[in-house]
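If you want the building blocks of each chain, they are given just below.
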Amino acid sequence: MTNSRLEKKELVEKIRQYRIDIIEMLHRAGSGHPGGSLSAIDLIASLYHYEMQHRPNEPLWPGRDRFVLSKGHGVPAQYAVMAGMGYFPKEELKQLRQINARLQGHPSDQFLPGIEASTGSLGMGLSFAMGCALSAKLQGESQRVYCLMGDGEIQEGQVWEAALSAPKFKLDNLVAIIDYNKGQIDGPTNEVMNLEPLMDKWRAFNWHCIAIDGHNLDQIEQAFQEARLTQSKPTLILAHTVKGKGVSFMEGVIDWHGAAPNADETAKALQELKG
Amino acid sequence: MRKRALDTVFALAQQDERVVYIGSDVGQGTLQGFQESIPERFFVEAISEAYVIGMAAGMAMTGFVPYVNTIATFLTRRCLDQIAVDLCIGNHPVRLVANGGGLVYAPLGPTHEAIEDIALMRCLPNMTVLVPCDAEEMERAVRASLDWSGPIYIRIARGGESVVSLPERGFFIGKAIEVRQGEKLLIATTGVMLQTALEVQDIMARAGYNLGIVHFHTVKPLDTAWLANQLGPYSHVASLEEHSVIGGLGSALAEWLCENGDHKLKRFGIPDRFADRFGNQAKLLSYFGLDAASIAKELQAWVKPS
Ligand SMILES: Cc1ncc(C[n+]2csc(CCOP(=O)(O)OP(=O)(O)O)c2C)c(N)n1
């Protein structure tokens, strides 16, 4: 990380603000995905604040680590962190999904420097991330590549095609993270299509696998460290999370997958988050 | 429109044991009744569109008529090969019920905007392409789909559109509906652009035009008999669709007219590029010049009143 390192309690405070930003953004836009943004924010904030090499004032710095948000609908979380780190003015968060805005409903490298891939069609990001990791290896660069996926998303076959190939190239610079929040649109993920035993599946595909609590910043940080120390294998971090984490009435409630909070709900959510 | 489409699938399923519903994580909201009353023919599958197409084809081969419902881009772009191989080569009666045709998902960006779905489906042999204009016509289209042989793509547009179709005009797959006879200038529409065409007609009437309107709810097979017999009063044809100017209704008409007619053709549609603006559907349509006022203006510059 090229910025000065935050104390953990400062990061906790930042993340609390990011959750507030997410709620405010979605409320203003009138649409979007709170559940999967709130479940992923601790992971994304840890990546940007602690783990990745990157320069907010030079988003296209060639030496940067790459972050591919494969579950593109969770992008409000990424925007909140990027604004918090100075990629763009925080004011711009207010323009989410507006016609002339750079902050679109799904991330696109065409609009906002610092976004690596256009995502939103689920299941594609890991292949792309794998290609980035492979080229870093070929060019002898030390870059690392991180790809965040949803648990519903990994039902897509293409995910498993990439999962099969990354170990073949011994991509120890590639880290796949699953936001295992146990929910998708049609209901609880493991009822729609059972994923378990999930760690065993990735292990069988020759990945180094780590399971963590995806809201515990110490565990997140340790997992990233362990991934760095792992040689000749890609790492899979299975992050157990809670969909809608941080807003009591959203937690674990499927209906909050893709609905923006109205004024009352926003007020209630902000009251909880502001404490 | 989506609700009516799915309600009709449910109604058909109650009457006909061949009817099966397969959704791919699109939310089953209105179909709870289906799930409860006929669970053995109701499938909530994972986020795995390509596999769902294969599954539907296998079921169709053994006598079922599967209605597959998910977002249009993921059905058409992601599953193109599965649709070509599993559905079209074998000519299997699977119905692809596609949410968000056109710019409905404008706030979600190019991954979700189905602006080339008609083109992709139209170029596949054996595929039929239906683009109803309102909820009433959607119901007629879904009912007509039941016994049609071969695969069908059914495009669902935005919800809440005004009802402009007339029951007495019926719905026959492959038959165009002449909404209004005029002279000199004809607008050919598909889907919810019919409503826009009617607005254009209002504006143009005030400027002294006598506009004809024909609605192609079936883009493929194109009603060439109508074109061959009914284009007499017109010298100019304008196509109007919420779709890329490449490959949709405008292209279908261009193909036919260039071999069979000497009419001037103007294609109104989405230009050949991914949306570089988001916002919402109405704003994006205006941005692309597909609102009634812009269209009327362009038509008036193109053709003098009769
Ligand atoms: C290929 C594809 N199919 C369907 C969708 C529609 N969709 C958007 S979000 C979503 C559910 C995603 O669930 P999950 O990956 O678990 O995300 P999270 O719970 O983290 O929000 C679906 C089906 C899509 N964006 N892409």
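Residues numbered from 1 in each chain as written. Chains lettered and ligands numbered in written order. Predicted model: local features only at pLDDT ≥ 70, side-chain atom pairs only at ≥ 80, totals over all residues. Heavy atoms only, no water.

Caption draft 1: Just the environment of Ala56(B), in detail. All names here are of chain B. Within the fold, Ala 56 resides in helix 3 (residues 49-61). According to the relative accessible area criterion, Ala 56 is buried, its value standing at 0%. C-alpha separation for the pair Ala 56 and Gly 101, spaced 45 residues apart in sequence, amounts to 21 Å. (Helix = DSSP H or I, 4+ residues; strand = E, 2+ residues; numbered from the N terminus. Buried < 20%, exposed > 50% of the residue type's maximum accessible area, 1.4 Å probe, protein only.)

Caption draft 2: How the structure looks around the site of the ligand. Of all residues adjacent to the ligand, which total 25 residues, the nearest are His73(A), Gly120(A), Asp151(A), Lys243(A) and Glu49(B). Around the ligand, the nearby residues trace back to chains A and B. Within the side chain of Asp151(A), an N or O atom sits 2.6 Å from an oxygen atom of the ligand. The backbone of Glu153(A) places a nitrogen or oxygen atom 2.8 Å from an oxygen atom of the ligand. (Near = heavy atom within 4 Å. Polar contact = N/O pair within 3.5 Å; in protein donor to acceptor, adjacent residues only side chain to side chain.)

Caption draft 3: Fine view of the side chain of His33(A). Residues and elements named next belong to chain A. Structurally, His 33 is set in the loop between helix 1 (8-29) and helix 2 (34-51). Look at His 33 and you get buried, because its relative accessible area is 13%. Among residues more than four places away in sequence, those in contact with His 33 are Leu 26, His 73, Arg 97, His 257 and Gly 258. (Contact = heavy atoms within 4.5 Å.)

Caption draft 4: Highlighting the interface of chain B and chain A. Counting residues at the interface gives 24 residues for chain B, matched by 24 residues for chain A. In this assembly, chain B packs against chain A so that about 2000 Å² is buried in total across both faces, 55% of it on carbon and sulfur atoms. In this assembly, chain B and chain A are joined by 1 salt bridge. A salt bridge links Glu156(A) to Arg78(B), with the shortest nitrogen-to-oxygen separation between them at 3.0 Å. Within the residue set of the side of chain B that touches chain A, elements represented by two or more residues are strand 2 (42-45), helix 4 (72-78) and helix 11 (281-287) of chain B. Of the residues assigned to the side of chain B that touches chain A, the class counts are 10 nonpolar, 7 polar and 7 charged. (Buried area = accessible area lost by both parts, 1.4 Å probe. Salt bridge = Lys/Arg side-chain N within 4 Å of Asp/Glu carboxyl O. Nonpolar A, V, L, I, M, F, W, Y, C, P; charged D, E, K, R; others polar.)

Caption draft 5: Region of the structure containing the nonpolar core. Residue and element names in this part refer to chain A. Core analysis: the largest hydrophobic core is formed by 56 residues, its most contacted members being Ile 44, Tyr 48, Phe 67, Tyr 79, Phe 88 and Ile 177. Ranked by the residues each element gives to this core, the list is headed by helix 2, at 9 residues. Those residues within four positions of Tyr 79 in sequence are excluded, and the remaining contacts are Met 25, Phe 88, Leu 93, Leu 96, Arg 102, Leu 103, Gln 104, His 106, Pro 107, Leu 112 and Ile 115. (Core = buried A, V, L, I, M, F, W, Y, C linked by side-chain atoms within 4.5 Å.)

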